[in-house]
Amino acid sequence: MAKAVEVGEFMGKKVLVVGGGGREHALAWKLAQSPELERLYVAPGNAGTNEWNVPISQNDITGLVKFAQDNKIDLTVVGPEEPLSLGIADALREAGLRVFGPTQAAAQLEGSKAFAKTVMQAANIPTAEWDVFTDPTLAKDYVRKIGAPCVIKADGLAAGKGVIVAMDLDTALQAVDEMMDGAFGDAGKKIVVEEYLEGQEVSLLCFADGTSALPMVPVQDHKRALDGDQGLNTGGMGTYSPPPVWTPEIEERVKREILYPSLDEMRRRGIPFTGVLFLGLMLTERGPKVLEYNVRFGDPETQVVMMRMQSDLLPVLWACTEGKLGEVKLEWAKDVAVCVVMAAPGYPQSYEKGIPLVIPAEVEKDGAVFHAGTALKDNRIVSSGGRVLGVTASGSNLVEARAKAYSIVGKIDFPKAHYRKDIGVKGLSK
Ligand code: AMP
Ligand code: GLY
């Protein structure tokens, strides 16, 4: 639990975290260790953040602004993309409140894939060849022109499901029809069709203060539901950091060719980006290319990033809101961290809820069990979502970190849990 600061030194800060997933539990866990914290709230949170929870939904902008005003919140930290796209940062700022997260206009980098592509094009940022369509006939002509494999993306937010990687022409043409017929609602009325990129994927989350940026440690996510990258795309089934494919040379190149030009272009457009700019990268033979931007901390990337972060998170977030990131130096543990997501049976398709879970207290000495879709029912923890727990552990190398994380997984009583057994395996073969 948060410690109050010494009176007279500086005022402790009241912080509100918006969201209720594993990412928010990890952020709350880290913020609760800050000597600058006076009081923490999480809205709406989950069973893991119970001691800090306030029952306001993450998209209830009016309710959240009122709560922040009434409780004199010093800093609101927004986890998910939806409230950002709805303009929560603008609403808080208009009410005179401090917020970590981009404006609605800047959040379009994630909210509209077509917008993101125009930013990349204007700033000459390496990405897949692409075009945007509102007419299925023209889209299909383009698909035939570039051939398979290719990738069809719904323009708008579709909870990570609006992307179809088509390995043959028929699948690609069918994907265009399905998307434009409303399979993803309004999000699919406009689509982006792009070239298929090959390589290893890396997520690079970067703090940004509008002008300057600081990358966090690189992370590799596992998007597919099943071992060996088989099955459907999910929000992410597990992460590890650092992936050995990442090198200091790649990082320099990403900063120079992607990160700084992205921020410069946003500033040039009069919509400077503040918050976390999350670069979804493909490390291709011809260098790193952008798959997508996200405008927030990743989930489950944040779980391993917070475990490795040695600096106090609160002053870093604060510096971003003040445009003073240049004064910050980030410190990271050399340790490797691994997060294994335990999901409900059936996820990412329809899944069961209300499964009782037992997490023995002893496992906390070996790592952290971050809650995602969990709730309390009659004082017992039950599953309430698709991704349920993010079991996170660190070690001096990947073998040790994996062993610790999976040993905790084995001690958790979660009947029929679905999890991947190969989180981090790509990093072992290097
Ligand atoms: P996105 O939401 O755009 O990151 O897409 C979701 C996932 O689809 C990515 O994490 C990749 O695994 C895959 N993907 C997206 N775009 C491409 C591409 N151009 N080439 C290959 N795979 C892609
Ligand atoms: N794990 C990928 C994301 O947060 O979008």
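Look up: the structure comes first, before these words.
What comes next is a walk through the structure. (Residues numbered from 1 in each chain as written. Chains lettered and ligands numbered in written order. Predicted model: local features only at pLDDT ≥ 70, side-chain atom pairs only at ≥ 80, totals over all residues. Heavy atoms only, no water.)

## Considering the sheet that holds strand β11 (residues 220–221)
Next up, step 1: Pairing is antiparallel across the open sheet formed by 5 strands, whose spatial order is β11-β14-β17-β21-β18. The outermost strands of the open sheet, each flanked by one partner alone, are β11 and β18 (368–371).
Next up, step 2: For β11 and strand β14 (residues 238–241), the ladder comprises 2 bridges, and the chain directions are antiparallel. In the strand pairing of β14, D221 is matched with T239. (Pairing = 2+ DSSP bridges. Helix = DSSP H or I, 4+ residues; strand = E, 2+ residues; numbered from the N terminus.)

## A look at a nonpolar patch on the surface
Next up, step 1: There is a patch of nonpolar side chains on the surface, built from V399, V425 and L428 and spanning about 230 Å² of accessible area.
Next up, step 2: For V399, the location among the structural elements is in helix α12 (residues 398–411).
Next up, step 3: Residue classification places V399 among the exposed positions, given a relative accessible area of 54%. (Patch = residues over 30% accessible without salt bridge, like charges linked within 9 Å, V, L, I, M, F, W, Y side chains within 5 Å. Areas by Shrake-Rupley, 256 points an atom, 1.4 Å probe, with all protein chains shown as cover. Salt bridge = Lys/Arg side-chain N within 4 Å of Asp/Glu carboxyl O. Buried < 20%, exposed > 50% of the residue type's maximum accessible area, 1.4 Å probe, protein only.)

## Points about the side chain of D155
Next up, step 1: Note on placement: D155 falls in the loop between β6 (150–154) and β7 (163–166).
Next up, step 2: Of the side chains with opposite charge, K190 lies nearest to the buried D155, which makes no salt bridge, at 4.5 Å.
Next up, step 3: Here the side chain of D155 touches S112 through a polar contact of 2.9 Å, side chain to side chain.
Next up, step 4: There is a polar contact of 2.8 Å between the side chain of D155 and the backbone nitrogen of A114. (Lys, Arg positive; Asp, Glu negative; His and termini not counted. Polar contact = N/O pair within 3.5 Å; in protein donor to acceptor, adjacent residues only side chain to side chain.)

## Things to note about the packing of aromatic side chains
Next up, step 1: Enumeration over the complete set of coordinates arrives at 8 aromatic pairs.
Next up, step 2: Here the aromatic residues F100, F207 and F297 are joined through ring pairs into a cluster of three or more.
Next up, step 3: Stacked on the ring of W318, the Lys or Arg K13 has its end atom at 4.6 Å from the ring centre.
Next up, step 4: The side chain of R98 reaches across the aromatic face of W318, ending 4.0 Å from its centre. (Phe/Tyr/Trp six-rings, centres within 6.5 Å; stacked < 30°, edge-to-face > 60°. Lys NZ or Arg CZ within 6 Å of the ring centre and 35° of its normal.)

## Some details on the site of ligand 2
Next up, step 1: Neighbouring ligand 2 are D221, G235, F278, N294, R296, G298, D299, P300 and E301.
Next up, step 2: Taking G235, its main chain carries an N or O atom lying 3.1 Å from a nitrogen atom of ligand 2.
Next up, step 3: Note that a nitrogen atom of ligand 2 is positioned 2.9 Å from one of the backbone N or O atoms of D299.
Next up, step 4: Here ligand 2 loses 89% of its free accessible area of 200 Å² to cover by the protein chains.
Next up, step 5: Of the residues assigned to the shell around ligand 2, the class counts are 2 nonpolar, 3 polar and 4 charged. (Near = heavy atom within 4 Å. Nonpolar A, V, L, I, M, F, W, Y, C, P; charged D, E, K, R; others polar.)

## Thoughts on the packing of helix α1 (residues 22–31) against helix α11 (residues 313–322)
When two helices pack together, their arrangement is given by the angle between the helix axes and the distance between those axes.
Next up, step 1: Between α1 and α11, the shortest axis-to-axis distance is 8 Å and the interhelical angle comes to 105°. Between α1 and α11, the crossing angle belongs to the class labelled roughly perpendicular. Facing L27, K30 and L31 of α1, the residues of α11 in contact are L313, L314 and L317.
Next up, step 2: For the contact of α1 with α11, the per-class residue count stands at 5 nonpolar, no polar and 1 charged. (Axes fitted to C-alpha atoms, helices over the stretch in contact; angles between N-to-C directions. Parallel < 35°, antiparallel > 145°, perpendicular 65-115°, else oblique. Contact = heavy atoms within 4.5 Å.)

## Description of the environment of A43
Next up, step 1: Looking at the secondary structure, you find A43 in strand β2 (residues 37–44).
Next up, step 2: Between the C-alpha atom of A43 and that of G147, which follows or precedes it by 104 residues, the distance is 46 Å.
Next up, step 3: Ignoring sequence-local partners within four residues, the contact set of A43 consists of L16, V17, V18, G19, V54, I56 and L64.

## A few points about the sheet that holds strand β5 (residues 130–133)
Next up, step 1: Here we have 4 strands laid out as an open sheet, ordered β5-β8-β6-β7, and antiparallel in their pairing. The open sheet has two edge strands with one neighbour each: β5 and β7. For this sheet, the mean angle separating the axes of adjacent strands, direction not counted, is 20°.
Next up, step 2: Alignment of β6 against β7, held across 4 bridges, turns out to be antiparallel.

## Observations concerning the packing of helix α7 (residues 136–146) against helix α8 (residues 169–183)
Next up, step 1: The contact between α7 and α8 brings their axes to 10 Å, and the two run at 160°. Between α7 and α8, the angle falls in the class roughly antiparallel. In this structure, α7 meets α8 at a crossing whose hand is right-handed. From α7, P136, A139, K140, V143 and R144 reach across to α8, where they touch L169, A172, L173, V176, D177 and M180.
Next up, step 2: Among the residues making up the contact of α7 with α8, the classes are represented as 8 nonpolar, no polar and 3 charged. (Left-handed = near helix turned anticlockwise from the far one by under 90°.)

## With respect to the site of ligand 1
Next up, step 1: Inspection of the region around ligand 1 gives 15 residues, with E194, E195, L197, E201 and E292 positioned closest.
Next up, step 2: At 2.9 Å from an oxygen atom of ligand 1 is found a side-chain nitrogen or oxygen belonging to K153.
Next up, step 3: In isolation ligand 1 has 460 Å² of accessible area, and contact with the protein removes 92% of it.
Next up, step 4: Within the residue set of the shell around ligand 1, elements represented by two or more residues are β6, β7, β8 (191–195) and β16 (287–294).
Next up, step 5: Residues of the shell around ligand 1, tallied by class, amount to 8 nonpolar, no polar and 7 charged.

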